[in-house]
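Take a look at the letters that make up each chain.
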Amino acid sequence: MNELAITVIGRDRPGIVADVAEVLAGLGANLTDSTMTRLRGHFAMTLVCTGPAAAEVEAALAPLAAEGQLLATVREVTPDGEVPPVGEPYVMAVHGSDRMGIVAAMTRVLVDAGGNVTDLSTRLAGSLYVVLAEVELPAGVAETLVDRLDRTAAELGVEVTLRPADPDLL
């Protein structure tokens with residue numbers, strides 16, 4: 001079995017998830033990790049599965065993209081195996097008036113402290129911009145990191161919170 005990374009993007013319509021999942025199930029592929037969302041009317045899905053060769057999956061997904069409404073890509077990836085967390089899980093939430101550079105500045109503070117962003121989503125609702133990030137932080141850095149996050153948020157005119165993640169919710 002091969003481990004494959006698959007992306008599907010395009011104008012949203014009902015049935016995309018079912019169509020893709022049916023194609024993969026028909027090939028005997030097993031979905032192991034996936035994320036799917038709608039971004040301002042566009043569908044985006046990224047998934048990892050085990051299954052047949054990439055070319056076979058790509059050919060099977062081709063009819064879904066035939067009308068030019070979807071783009072599907074398939075790539076063979078090397079399995080990582082179990083990867084232990086490199087730190088403690090936290091959630092960073094940022095909100096405020098939309099402006100360029102919020103994600104760049106706030107995630108740079110996390111990275112400079114040795115953090116790793118493991119999941120991130122953003123949403124623009126009117127002029128309100130919201131960032132929600134799951135991060136792994138090295139043990140003991142959260143207290144000093146809060147000060148740096150607060151300073152950066154103040155420079156951007158946004159609010160930030162950093163709290164330990166509830167492992168039962170992740």
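Described below are features of the structure shown in this document. What you see is a predicted model, and the numbers here were worked out from it, not measured in a lab.

1. Quick look at the pairing of strand β3 (residues 42-51)
The alternating pattern of β3 places F43, M45, L47, C49 and G51 on a buried face, while none of H42, A44, T46, V48 and T50, on the opposite face, is buried. Once strand β2 (residues 30-39) ends, the chain turns through two residues before running back antiparallel as β3, passing R40 with a positive phi of about 50°.

2. What to know about the packing of helix α3 (residues 102-112) against helix α4 (residues 142-156)
Their axes nearest at 9 Å, the elements α3 and α4 cross at an angle of 165°. As far as their axial angle goes, α4 and α3 are roughly antiparallel. Where α3 crosses over α4, the two elements pack in a sense that is right-handed. Here I102, A105, M106, V109 and L110 of α3 lie close against α4, whose contacting residues are L145, R148, L149, T152, A153 and L156. Of the residues belonging to the contact of α3 with α4, the class tally is nine nonpolar, one polar and one charged.

3. Some details on the pattern of salt bridges
This model, assessed by the stated rule, comprises three salt bridges. Across the salt bridge formed by D12 and R38, the nearest N and O atoms sit 3.5 Å from each other. Taken as a pair, D12 in the loop between β1 (2-11) and α1 (16-26) and R38 in strand β2 lie far apart in primary sequence, 26 residues in all. Take R38: its relative accessible area is 53%, and that puts it in the exposed class. A salt bridge links D19 to R13, with the nearest nitrogen and oxygen atoms 3.0 Å apart.

4. Description of the pairing of strand β6 (residues 116-125)
For a regular strand, the rule is simple: side chains alternate between the two faces of the sheet. Examined bridge by bridge, β6 and strand β7 (residues 128-137) share nine bridges and lie antiparallel to one another. Following the sheet pairing, L120 is matched in β7 by A133. Following β6, the chain reverses through two residues before pairing antiparallel with β7; G126 in that reversal takes a positive phi of roughly 65°.

Reading the values: rules and limits
- Residues numbered from 1 in each chain as written.
- Predicted model: local features only at pLDDT ≥ 70, side-chain atom pairs only at ≥ 80, totals over all residues.
- Heavy atoms only, no water.
- Buried < 20%, exposed > 50% of the residue type's maximum accessible area, 1.4 Å probe, protein only.
- Helix = DSSP H or I, 4+ residues; strand = E, 2+ residues; numbered from the N terminus.
- Pairing = 2+ DSSP bridges.
- Axes fitted to C-alpha atoms, helices over the stretch in contact; angles between N-to-C directions.
- Parallel < 35°, antiparallel > 145°, perpendicular 65-115°, else oblique.
- Left-handed = near helix turned anticlockwise from the far one by under 90°.
- Contact = heavy atoms within 4.5 Å.
- Nonpolar A, V, L, I, M, F, W, Y, C, P; charged D, E, K, R; others polar.
- Salt bridge = Lys/Arg side-chain N within 4 Å of Asp/Glu carboxyl O.

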